[in-house]
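Fold and contact review
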Amino acid sequence: NLYKAFSVAKQNLQLLTGLPEDGLPLLDDNGNGIGNERADGQRAADFVMGNGVRLAEDTPLIPETADIPVTEDGIITVDDPFPQHRILPGSGDTDRVKFYGIAGEIYTIRSINFGETPNHTPELHSSTGKIELNRQQESTDNPAQIRNTLIWPCPADGIYYIHIRPASFSSAQDYYLEIFREEAVFPAYLKGLVTDSSGNPLSDVRISTNIGSSSLSRPSGYYRIVQEPYEGMTVTVEAEGYISRTFSNITVSEGGTTILNILLTAKYSPPAVTDSDNDGRPDSIDVFPFDASEWKDSDGDGKGDNSDKCPEDAEKTEPGICGCGISDTDADGEGTPDCNDKCPDDPGKIAPGICGCGEADTDSDNDGIPDCKDGCHDDPEKTEPGICGCGNPEPGEDGLCKTVSEPEPPSVFPIDECPDDPGKTEKGICGCGVPDADSDGDGTPDCHDQCPEDSEKTEAGECGCGITDTDSDGDGTPDCKDECPDDPGKTEKGICGCGIPDTDKDGDGTPDCHDQCPEDPEKTEAGECGCGISDRDDDNKGIADCIQDKEETDRREIIQPEPPRSDVSSGGCFIRISVQ
């Protein structure tokens with residue numbers, strides 16, 4: 001259009017000649033004698049010449065035919081002297097664009113449409129819904145054009161959306177859309193590329209200045225701000241998930257372009273930790289991620305340690321008779337497991353007794369000496385054959401053996417070794433008055449057996465009768481007094497439990513089993529910075545010093561100087577245009 005052609009020519013002339021503002025051509029299309037007013041460009045913009053000029057950042061001539069989600073809306077530049085040319089492909093289509101509004105600024109949103117049914121409705125929306133505004137509608141010199149205007153004071157910084165909802169029409173309609181503040185008609189430009197630390201372009205980054213101008217970066221990362229010329233401007237850059245940046249002393253000159261490329265650093269966020277069963281153990285170390293009662297299976301038998309009474313024994317989940325770590329196998333099948341059977345391969349015995357495993361402690365002649373030790377096991381009077389042999393008494397005073405067939409005449413007065421004990425005539429092993437009984441059959445008479453009812457023991461030992469003095473872990477403490485019978489390093493469970501030492505490597509009073517930082521005496525949890533690094537926040541900004549240090553990166557700021565000016569000067573010229 002004529003306004004755009006005049007503006008481009010004026011800017012190029014200023015760049016080539018360096019003329020001051022009062023020496024440049026003036027545009028006065030409303031005939032009031034004052035050139036280059038904001039209103040002067042409006043009538044000239046209605047006068048179109050040729051097919052126009054398209055810029056790379058302009059909206060495509062053939063946009064999406066369906067409604068575009070808000071997150072994919074196009075971007076419109078605030079205060080752009082050239083309205084965006086946009087197209088509605090068909091009836092029912094809705095066009096959407098977005099911009100970054102600054103609190104306290106008053107924005108004018110204007111659309112001019114063409115076509116067979118020149119009627120459409122511009123609407124303003126925030127992220128929460130439609131903003132009700134009074135729409136001003138006016139005609140232009142062209143009867144097929146209608147200009148719709150919304151004037152809106154922005155209440156708060158944020159991203160806002162312009163929706164164009166046309167009336168019914170049969171063919172594609174094009175229209176122009178612009179949003180501006182009351183600024184000079186010939187502005188200055190600030191533009192550049194916004195990227196992350198890896199060089200990837202960032203979209204929807206909010207760029208604003210201290211004089212109320214603003215912009216959003218496009219998906220390509222590029223942004224453009226149109227505003228009044230200004231020296232010493234402050235630019236603020238914000239984006240979700242990134243550290244905000246501020247640039248000072250930025251100068252933009254009338255008709256010129258200043259380039260400010262922006263590098264943003266992502267905010268640190270610790271990796272997400274998944275705990276599916278909410279038991280306080282992350283799934284990464286939880287063998288049972290969906291069972292809040294279990295998280296560890298030390299022996300890999302499929303049963304969690306909390307319910308496994310033998311957590312270190314893959315073969316057992318209950319101690320049984322023999323305890324954890326020892327099989328309850330009964331090799332000889334006599335009903336006593338091998339752990340308690342001192343003759344595991346002898347079904348007739350569970351203790352060696354006097355004769356040892358594999359041989360019975362039978363005492364055929366009931367003389368108190370088992371056959372295995374009795375050289376005359378059928379002769380209760382002898383345990384060795386002696387001179388006369390088993391069954392025959394040894395020689396008397398005459399030195400002659402007397403066979404059983406020639407017994408000695410019975411004594412008239414038999415000798416009673418225990419005259420006061422009606423139960424015994426001989427002292428035997430226990431002596432008079434004490435029977436030689438062996439209640440537990442272990443080969444040791446009760447008078448010499450501290451555990452007469454326990455065939456496994458003849459002395460009480462540390463555990464007492466009826467309880468074996470087994471020391472499963474070989475730590476010198478029998479199982480009966482050892483809270484950790486399978487842990488040679490502990491006799492009490494302590495804080496960490498059996499099988500886990502109560503070591504405190506860093507000496508901070510918290511054992512390693514409960515200390516996420518066992519090598520760091522200052523911390524028991526990793527915190528934001530991890531073990532070995534303090535979570536200190538010296539400047540009280542709410543960000544730990546270790547994280548804030550990472551966020552100091554090189555800043556890339558490329559400022560393009562103003563184009564050189566020549567020393568050519570000339571007088572001002574005045575153009576008056578009359579549109580018929």
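Residues numbered from 1 in each chain as written. Predicted model: local features only at pLDDT ≥ 70, side-chain atom pairs only at ≥ 80, totals over all residues. Heavy atoms only, no water.

What follows covers the overall build of the protein. Looking only at helices and strands, one finds 3 helices and 20 strands in the protein. Counting all 580 residues of the protein, 37% fall into the buried class. A sequence separation of at least 24 residues applies to 45% of the contacts in the protein between residues at least 6 apart. Accessible surface computed for the protein: about 31,900 Å², of which carbon and sulfur atoms make up 51%. (Helix = DSSP H or I, 4+ residues; strand = E, 2+ residues; numbered from the N terminus. Buried < 20%, exposed > 50% of the residue type's maximum accessible area, 1.4 Å probe, protein only. Contact = heavy atoms within 4.5 Å. Areas by Shrake-Rupley, 256 points an atom, 1.4 Å probe, with all protein chains shown as cover.)

One pass over the structure, following the stated rule, counts 5 aromatic pairs. With 6.3 Å between their ring centres and 80° between their planes, Phe-99 and Trp-152 make a pair best called edge-to-face. In this pair, Phe-99 sits in strand β4 (residues 95-101) while Trp-152 sits in strand β9 (residues 146-153), placing the two residues 53 residues apart along the sequence. Accessibility classification places Phe-99 together with Trp-152 in one group, the buried group. Of the aromatic side chains, those joined through ring pairs into one cluster are Phe-99, Tyr-107, Trp-152 and Tyr-160. The ring of Trp-295 has Arg-281 lying over it, and the distance from NZ or CZ to the ring centre is 4.0 Å. (Phe/Tyr/Trp six-rings, centres within 6.5 Å; stacked < 30°, edge-to-face > 60°. Lys NZ or Arg CZ within 6 Å of the ring centre and 35° of its normal.)

What follows is about the sheet that holds strand β13 (residues 206-209). Across the sheet, 4 strands lie side by side as β14-β13-β16-β17; this open sheet has antiparallel pairing. Both outer strands of the open sheet, β14 (214-216) and β17 (245-252), are each paired with one neighbouring strand and no more. Across this sheet, the average inter-strand angle for adjacent strands is 20°, counted without regard to direction. The pairing of strand β16 (residues 230-238) with β17 spans 5 bridges and is classified as antiparallel. From the neighbouring strand, Val-237 faces β17, where its bridge partner is Arg-245. (Pairing = 2+ DSSP bridges. Axes fitted to C-alpha atoms, helices over the stretch in contact; angles between N-to-C directions.)

Let us now look at the confidence of the model for the protein. Detailed reading of the predicted model is not advised wherever pLDDT is low. Considering every residue of the protein, the mean pLDDT works out to 79; 77% of them sit at 70 or more. A low-confidence stretch, residues 60-72 (pLDDT under 50), is modelled with 22 contacts involving residues beyond four sequence positions or located in other chains. Per-residue pLDDT stays below 50 along residues 565-570; that stretch engages in 11 contacts with residues further than four places along the chain or on separate chains. (pLDDT = per-residue confidence, 0-100.)

This part takes up the environment of Asp-502. When you line up the elements, Asp-502 lands in the loop between β19 (262-264) and α3 (545-550). Each C-alpha atom of the pair Asp-502 and His-514 lies 9.5 Å from the other, and the pair is 12 residues apart in sequence. When near neighbours in sequence (up to four residues on either side) are disregarded, Asp-502 contacts Lys-490, Lys-493, Gly-494, Ile-495, Cys-496, Gly-497 and Pro-511. A polar atom in the side chain of Asp-502 sits 3.3 Å from the side chain of Lys-490. A polar contact of 2.9 Å, which involves the side chain of Asp-502, links it to the backbone nitrogen of Cys-496. (Polar contact = N/O pair within 3.5 Å; in protein donor to acceptor, adjacent residues only side chain to side chain.)

Of note, Asp-79 is a non-glycine position whose phi angle comes to about 65°, a positive value. Looking at the secondary structure, you find Asp-79 in the loop between β2 (74-75) and β3 (84-88). In this structure Asp-79 comes out as buried when scored by relative accessible area, which is 5%. A positive phi angle is found at Asn-278, which is not glycine, with a value near 55°. Take Asn-278: it is sitting in the loop between β19 and α3.

Before going further, it helps to examine the state of the cysteines. Under the definition given, this model contains 13 disulfides. Here Cys-463 pairs with Cys-480 through a disulfide, and the sulfurs are 1.9 Å apart. Because the torsion about its S-S bond is -80°, the bridge between Cys-463 and Cys-480 counts as left-handed. Note that Cys-463 is positioned in the loop between β19 and α3 and Cys-480 in the loop between β19 and α3, a separation of 17 residues in sequence. Residue class for Cys-463 comes out buried when judged on its relative accessible area of 13%. (Disulfide = S-S within 2.5 Å.)

A separate point is the pattern of salt bridges. Note that side chains of opposite charge can pair when their charged atoms are close. Under the defined criterion, the tally for this structure stands at 15 salt bridges. A salt bridge links Arg-206 to Glu-240; its shortest N-O distance comes to 3.8 Å. One end of the pair, Arg-206, is in strand β13; the other, Glu-240, is in the loop between β16 and β17, and 34 residues separate them in sequence. Across the pair Lys-309 and Glu-318 runs a salt bridge, and its minimum N-O distance is 3.6 Å. A relative accessible area of 41% means that Glu-318 is categorised as partly exposed. (Salt bridge = Lys/Arg side-chain N within 4 Å of Asp/Glu carboxyl O.)

We now examine the nonpolar core. Formed by 20 residues in total, the largest nonpolar core has its most connected members in Phe-99, Ile-162, Leu-177 and Ile-179. Looking at this core, the elements that each hand over two or more residues are β4, β5 (106-113), β9, β10 (158-166) and β11 (173-180). The residues contacting Phe-99, other than those within four sequence positions of it, are Ile-76, Val-78, Leu-124, Trp-152, Gly-158, Ile-159, Tyr-160, Ile-162, Ile-179 and Leu-216. Among the nonpolar cores identified, the runner-up in size contains 19 residues, and Ala-188, Tyr-223, Tyr-242 and Phe-247 belong to it. (Core = buried A, V, L, I, M, F, W, Y, C linked by side-chain atoms within 4.5 Å.)

Together, Glu-381, Asp-416, Glu-417, Asp-420 and Glu-426 give the surface a local cluster of negative charge. Examined against the element boundaries, Asp-416 turns out to sit in the loop between β19 and α3. (Patch = residues over 30% accessible without salt bridge, like charges linked within 9 Å, V, L, I, M, F, W, Y side chains within 5 Å. Lys, Arg positive; Asp, Glu negative; His and termini not counted. Charge placed at Lys NZ, Arg CZ, Asp CG, Glu CD.)

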